[in-house]
Amino acid sequence: PKLSVNAVTVATGAISPQASTITDTTITLDNWNEMSVELTQQVADFAYRDIMQAFSVQFGAGLAAQMDIDVLAQHGSVTTNVVGDTVNPEQLSSALLLSAAQKLDDLDIPLAGRTWCFAPVSKAMLLKDSQYIDAFRTGDSKGGMRTGEIGQLYGVPVLITTGIATSGLLRKNLLFHKDAFAI
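Residues numbered from 1 in each chain as written. Predicted model: local features only at pLDDT ≥ 70, side-chain atom pairs only at ≥ 80, totals over all residues. Heavy atoms only, no water.

Trainee: Describe the overall build of the chain, listing the residues and the values that go with them.
Mentor: Within the chain, the secondary structure is distributed over eight helices and seven strands. Within the chain, residue pairs in contact and separated by at least 24 positions form 62% of the contacts whose partners lie at least 6 positions apart. Total accessible area on the chain is roughly 12,900 Å²; 55% of this is exposed by carbon and sulfur atoms. (Helix = DSSP H or I, 4+ residues; strand = E, 2+ residues; numbered from the N terminus. Contact = heavy atoms within 4.5 Å. Areas by Shrake-Rupley, 256 points an atom, 1.4 Å probe, with all protein chains shown as cover.)

Structure representation (structure tokens):
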């Protein structure tokens with residue numbers, strides 16, 4: 001909850017405690033997922049490397065990716081901070097990014113702990129944006145054009161995932177914090 005500073009009565013030292021209403025949004029993920037493979041003992045015995053270790057790494061990564069998709073699909077349940085037109089979406093731009101950042105700034109959401117989450121097509125849009133790729137403007141000595149990496153935008157780390165929810169041409173990219181979302 002967002003609390004405010006209250007004055008203390010000088011003459012008596014009396015205070016007026018504020019009422020605090022804690023509201024939370026519940027995200028229910030009721031999906032059961034699995035990854036399995038059937039191996040013969042002969043394959044396990046003659047494998048060049050520890051095949052079970054290789055599979056366990058793939059299983060963990062696959063299940064984690066599915067969990068990301070399930071959580072990202074819940075975007076509409078956890079925020080009303082929408083930026084841009086969801087009926088006639090526009091190309092991702094620095095103006096949209098700054099609008100999303102401002103939504104969280106206006107709510108006093110700390111910069112620390114924020115993360116951008118973009119679809120791969122949005123990464124491609126950003127890497128074509130002259131404001132991003134011009135090293136002089138970004139302040140980065142290499143610039144996005146030379147590395148192909150995004151790294152950070154406006155001091156916030158960027159994740160690229162195919163798990164971003166879509167609706168036609170609309171990509172529901174996120175700027176999120178542990179306490180808030182802005183789409």
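Trainee: Describe the pattern of salt bridges, listing the residues and the values that go with them.
Mentor: Per the stated rule, a full pass over the model turns up one salt bridge. For R114, the salt bridge goes to D105, with nearest N and O atoms at 2.7 Å. (Salt bridge = Lys/Arg side-chain N within 4 Å of Asp/Glu carboxyl O.)

Trainee: An account of the nonpolar core is needed here, citing residue identities and associated values.
Mentor: With 17 residues, the main nonpolar core has L97, W116, F118, L126, L153 and L175 as its most contacted residues. It is helix α4 (residues 94–106) that provides the largest number of residues to this core, a total of five residues. With five residues, the next largest nonpolar core counts L72, C117, A119 and I164 among its residues. (Core = buried A, V, L, I, M, F, W, Y, C linked by side-chain atoms within 4.5 Å. Buried < 20%, exposed > 50% of the residue type's maximum accessible area, 1.4 Å probe, protein only.)

Trainee: I'd like a rundown of unusual backbone geometry, residues and numbers included.
Mentor: Residues other than glycine seldom take positive phi values, yet D108 does so here, at roughly 60°. Tracing the sequence through the fold places D108 in the loop between α4 and β1 (115–118). Although it is not a glycine, Y154 adopts a positive phi angle of roughly 55°. Along the polypeptide, Y154 turns up in the loop between β2 (152–153) and β3 (156–160).

Trainee: Run through the layout of surface pockets, naming residues and quoting values.
Mentor: Considered as a void within the structure, the second largest pocket measures approximately 500 Å³ in volume. Class assignment of the residues belonging to the lining of the second largest pocket gives a composition of 17 nonpolar, six polar and four charged. (1 Å grid on protein atoms, 1.4 Å probe; cavity = no way out; pocket = protein on both sides within 12 Å on 5 of 7 lines; lining within 4 Å. Points joined across faces, edges and corners; volume = space filled by probe spheres on them. Nonpolar A, V, L, I, M, F, W, Y, C, P; charged D, E, K, R; others polar.)

Trainee: Describe in detail the environment of L3, supporting the description with residues and values.
Mentor: Looking at the secondary structure, you find L3 in the segment before α1 (41–46). When the C-alpha positions of L3 and T21 are compared, they lie 9.9 Å apart, and in sequence the two are 18 residues distant.

Trainee: Can you break down the packing of aromatic side chains residue by residue, with the values?
Mentor: Counted by the stated rule, this structure contains two aromatic pairs. Taken together, a centroid distance of 5.9 Å and an interplanar angle of 20° make the contact between F55 and F59 stacked. Highlighted residues: F55 and F59, both in helix α2 (residues 51–72), separated by four residues, approximately one helical turn. When the centroid spacing of 5.7 Å and the interplanar angle of 25° are considered together, the rings of W116 and F118 count as stacked. (Phe/Tyr/Trp six-rings, centres within 6.5 Å; stacked < 30°, edge-to-face > 60°.)

Trainee: I'd like a rundown of α4, residues and numbers included.
Mentor: Compared with an ideal rise of 1.5 Å per residue, which puts 13 residues at 18 Å, α4 spans 18 Å between its outermost C-alpha atoms and is within 8% of the ideal. Those residues of α4 that sit buried are S94, L96, L97, A100, A101 and L104. All buried residues of α4 fall inside an arc of 170° around its axis, so they share one side. Of the residues flanking the end of α4, it is D108, one or two places downstream, whose phi is positive at about 60°. (Expected span 1.5 Å × (residues − 1). Arc of directions from axis to C-beta.)

Trainee: Run through the side chain of T161, naming residues and quoting values.
Mentor: Examined against the element boundaries, T161 turns out to sit in the loop between β3 and β4 (166–167). One polar contact links the side chain of T161 to the main-chain amide nitrogen of G163, over a distance of 2.9 Å. Filtering out sequence-adjacent residues up to four positions away, T161 remains in contact with L72, C117, F118, A119 and P120. (Polar contact = N/O pair within 3.5 Å; in protein donor to acceptor, adjacent residues only side chain to side chain.)

Trainee: How would you summarise α2 if you had to cite specific residues and measurements?
Mentor: When the terminal C-alpha atoms of α2 are compared, their 32 Å separation across 22 residues agrees well with the 32 Å that a helix rising 1.5 Å per residue should span. Turning to α2, its buried residues are A54, F55, D70 and L72.

Trainee: I'd like a description of the pairing of β3, backed by residues and values.
Mentor: As paired strands, β1 and β3 are joined by three bridges and run parallel to one another. Of the residues in β3, the one forming a bridge with C117 is L159. Taken together, the two bridges between β2 and β3 define a ladder with antiparallel strand orientation. Its bridge partner being in β3, L153 is matched across the sheet by V156. Counting the residues between successive antiparallel strands, the hairpin from β2 to β3 contains two residues, one of them, Y154, with a positive phi of roughly 55°. (Pairing = 2+ DSSP bridges.)

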